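Analysis of the macromolecular model
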Amino acid sequence: MARANDRLEMNEGFGDAEDTQKDKYLTFHLANEDYGIEIRYVTEIIGIQKITEVPDMPEFVKGVINLRGKVIPVMDVRTRFMLPPLEYNDRTCIIVVNVNGTAVGLVVDEVSEVADIPESNIEPPPRSTRAAASHYIQGMGKIGEDVKILLDVTCLLYDESMLQTAGAQGAELF
């Protein structure tokens, strides 16, 4: 488990071989559930740090951080999922992901591990009347007796309502 004050570089030993990242998910804890995101999107894991608030942003966008001279927007995944807020502590981490060339930090309660979840162990997400909530779910990954909620990082970062309003395919949340 990564502590918040640790910095973990991801994808260093992987090179460009995509098959080495196949079926690998970075798992993390949020509220009472375990989630996972495809490792290919993760660039690093850092401890919580000073977040500069930016006015007129959605509530779940906490602001921006300065990561080695690069300004990166930070989203609180708890708030994005409309979960009750939790005070940040020494286990709180920021998972830095890169989607379509854009780096974004995702604040999570605690990072767990990199897990192998083969496609054969992934079930489709359950049907839900709350389409917005299930919109972010890519599938349900089975590891032994445990189930990890696998998130679609692209859907998590892009705002559906902005896409509809703009009528554009790449309208970003940030």
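The rules behind the values
Residues numbered from 1 in each chain as written. Predicted model: local features only at pLDDT ≥ 70, side-chain atom pairs only at ≥ 80, totals over all residues. Heavy atoms only, no water. Salt bridge = Lys/Arg side-chain N within 4 Å of Asp/Glu carboxyl O. Buried < 20%, exposed > 50% of the residue type's maximum accessible area, 1.4 Å probe, protein only. Helix = DSSP H or I, 4+ residues; strand = E, 2+ residues; numbered from the N terminus. 1 Å grid on protein atoms, 1.4 Å probe; cavity = no way out; pocket = protein on both sides within 12 Å on 5 of 7 lines; lining within 4 Å. Points joined across faces, edges and corners; volume = space filled by probe spheres on them. Nonpolar A, V, L, I, M, F, W, Y, C, P; charged D, E, K, R; others polar. Core = buried A, V, L, I, M, F, W, Y, C linked by side-chain atoms within 4.5 Å. Contact = heavy atoms within 4.5 Å. Phe/Tyr/Trp six-rings, centres within 6.5 Å; stacked < 30°, edge-to-face > 60°. Pairing = 2+ DSSP bridges.

1. Structural notes on the pattern of salt bridges
Under the counting rule described, the total for this entry stands at 9 salt bridges. When the shortest N-O distance is used, the salt bridge between K22 and D23 registers 3.8 Å. The class for D23 is partly exposed, based on a relative accessible area of 24%. As a salt-bridge pair, R78 and D109 come within 2.9 Å of each other at their nearest N and O atoms. Taken together, the positions of R78 in helix α1 (residues 77-80) and D109 in the loop between β8 (102-108) and β9 (110-116) put the pair 31 residues apart, joining distant regions of the chain. Connected through salt bridges with shared partners, the residues K22, D23 and E119 form a single ionic network.

2. Observations regarding the layout of surface pockets
Approximately 180 Å³ is the volume attributed to the second largest pocket. Along its surface, the second largest pocket is lined by 13 residues, and Q21, K22, D23, Y25 and E38 are the ones closest to its centre. Partitioned by chemical class, the residues of the lining of the second largest pocket number 4 nonpolar, 2 polar and 7 charged.

3. Some details on the nonpolar core
Ranked by size, the top nonpolar core spans 31 residues in total, and within it I37, I95, V97, L106, L151 and L157 carry the most contacts. Looking at this core, the elements that each hand over two or more residues are β2 (24-30), β3 (33-38), β4 (42-47), β7 (93-99), β8, β12 (146-151) and α3 (153-157). Every residue in contact with V97, bar those within four places of it in the chain, is listed here: I37, Y41, V42, T43, T102, A103, V104, L106, V153 and L157. Of all hydrophobic cores here, the second largest spans 10 residues; its members include I51, I72, V74 and A103.

4. Digging into the packing of aromatic side chains
Taken as a whole and judged by the stated rule, the model has 3 aromatic pairs. An angle of 40 degrees between the planes, with centres 5.6 Å apart, marks the rings of Y35 and F81 as tilted. Taken together, the residues span a long stretch of sequence, with Y35 in strand β3 and F81 in the loop between α1 and β7 at a distance of 46 residues. When sorted by exposure, Y35 lands in the same class as F81, which is buried.

5. Quick notes on the sheet that holds strand β11 (residues 137-143)
In space, the 6 strands of this open sheet follow the order β9-β2-β3-β12-β11-β10, with mixed pairing throughout. Sheet topology places β9 and β10 (122-123) at the edges, where each strand pairs with a single neighbour. In this sheet, β9 lies alongside β2 in antiparallel orientation, the contact comprising 6 bridges. In the strand pairing of β9, T27 is matched with E113.

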